[in-house]
Amino acid sequence: PPDEIIGQSSWSGVAKFLKQSDFHPVYKMRLMFIGRGVSGKTRLVRALLQGSADSIDVQTGRTIGIDLSNPPLLLPGTNDEPTIEAVPWDFAGQELSYLSHSVHLSARCVYVLVWSPRKEEDESSRDTADGIVQPMFEWLQILSSHVPDA
């Protein structure tokens, strides 16, 4: 049963949910690409889908909100296992978008944290190891606060 049923119901609610109808397996998942802006999330999604990624103009090619326009990535199963359809969610990396992103974070996803060791424009953190890896820690904190089991 979904987490919502387990969390909101007693065991009798779970039993009722399981008895309500036949269930069919779903081989579809969300593949969430998260990270700071200009870290390469969109290029990575394009490379996975197309086999290569042309360069993206940083000024005009930025992701706004969440890009769901990409086709699913088909992950073939082995032996008799079915193909899994992984739908890429390309999250914008600008801090302005972080609050709206938190609504979509769920334990039922696979997260790909894209990190680039580029230096920040902030002079105080420009030449320190902590300043360079800080974006990775920020995203891990966002995930752990919104999706503790991620």
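For the structure, check the block above.
Right, let's walk through the structure included here.

Analysis parameters
Residues numbered from 1 in each chain as written. Predicted model: local features only at pLDDT ≥ 70, side-chain atom pairs only at ≥ 80, totals over all residues. Heavy atoms only, no water. Helix = DSSP H or I, 4+ residues; strand = E, 2+ residues; numbered from the N terminus. Buried < 20%, exposed > 50% of the residue type's maximum accessible area, 1.4 Å probe, protein only. Contact = heavy atoms within 4.5 Å. Areas by Shrake-Rupley, 256 points an atom, 1.4 Å probe, with all protein chains shown as cover. Pairing = 2+ DSSP bridges. Salt bridge = Lys/Arg side-chain N within 4 Å of Asp/Glu carboxyl O. Arc of directions from axis to C-beta. Phe/Tyr/Trp six-rings, centres within 6.5 Å; stacked < 30°, edge-to-face > 60°. Lys NZ or Arg CZ within 6 Å of the ring centre and 35° of its normal.

Points about the overall build of the protein chain
Helix and strand counts for the protein chain stand at five helices and five strands. Put simply, the protein chain runs from its N terminus to its C terminus through helices and strands in the order α-α-β-α-β-β-β-α-β-α. Expressed as a percentage of its 150 residues, the buried residues of the protein chain come to 29%. Restricting the contact set of the protein chain to residue pairs at least 6 apart, pairs at least 24 apart contribute 60%. When the accessible surface of the protein chain is totalled, it reaches about 10,100 Å², and 55% of it is carbon and sulfur.

Quick look at the pairing of strand β4 (residues 84-91)
A regular strand carries its side chains on alternate faces of the sheet. For β4, a buried count of six out of eight residues is recorded, marking the element as mostly surrounded by other parts of the structure. Direction of pairing for strand β1 (residues 28-34) relative to β4: parallel, over a ladder of six bridges. The partner of M32 across the bridge, within β4, is W89. Pairing analysis gives two bridges linking strand β2 (residues 66-67) to β4, with the strands arranged antiparallel. Bridging across to β4, I66 finds its partner in F91. Where strand β3 (residues 73-75) meets β4, three bridges bridge the pair, whose relative direction is antiparallel. Along β4, the bridge assignment pairs L75 with I84.

Observations concerning the pattern of salt bridges
Pairing between side chains becomes possible if they bear opposite charge and their charged atoms approach one another. In total, this model carries two salt bridges according to the counting rule given. Between K28 and E85 there is a salt bridge, with the nearest N and O atoms lying 3.7 Å from each other. A residue pair is termed long-range when its members are at least 10 positions apart, and K28 in strand β1 and E85 in strand β4 qualify at 57 residues. Here E138 and R36 are joined by a salt bridge, their closest N and O atoms 2.6 Å apart. Here R36 lies in the loop between β1 and α3 (41-50) and E138 lies in helix α5 (residues 129-146), a separation of 102 residues in the sequence.

Concerning helix α2 (residues 11-19)
Of all the positions in α2, only G13, V14 and F17 are classed as buried. Each buried residue of α2 lies within a common arc of 100° when the element is viewed along its axis, so the set occupies one face. Among the exposed residues of α2, those pointing more than 90 degrees away from its buried face are W11, S12, K16 and K19. In this fold, the buried residues of α2 make contact with α1 (3-8).

Section: the packing of aromatic side chains
In this description, a pair of aromatic rings is defined by centroid distance and the angle of the planes. Inspection of every chain in the model, using the stated rule, returns one aromatic pair. Just above the ring of W89 sits the side chain of R30; from NZ or CZ to the centre is 5.3 Å.

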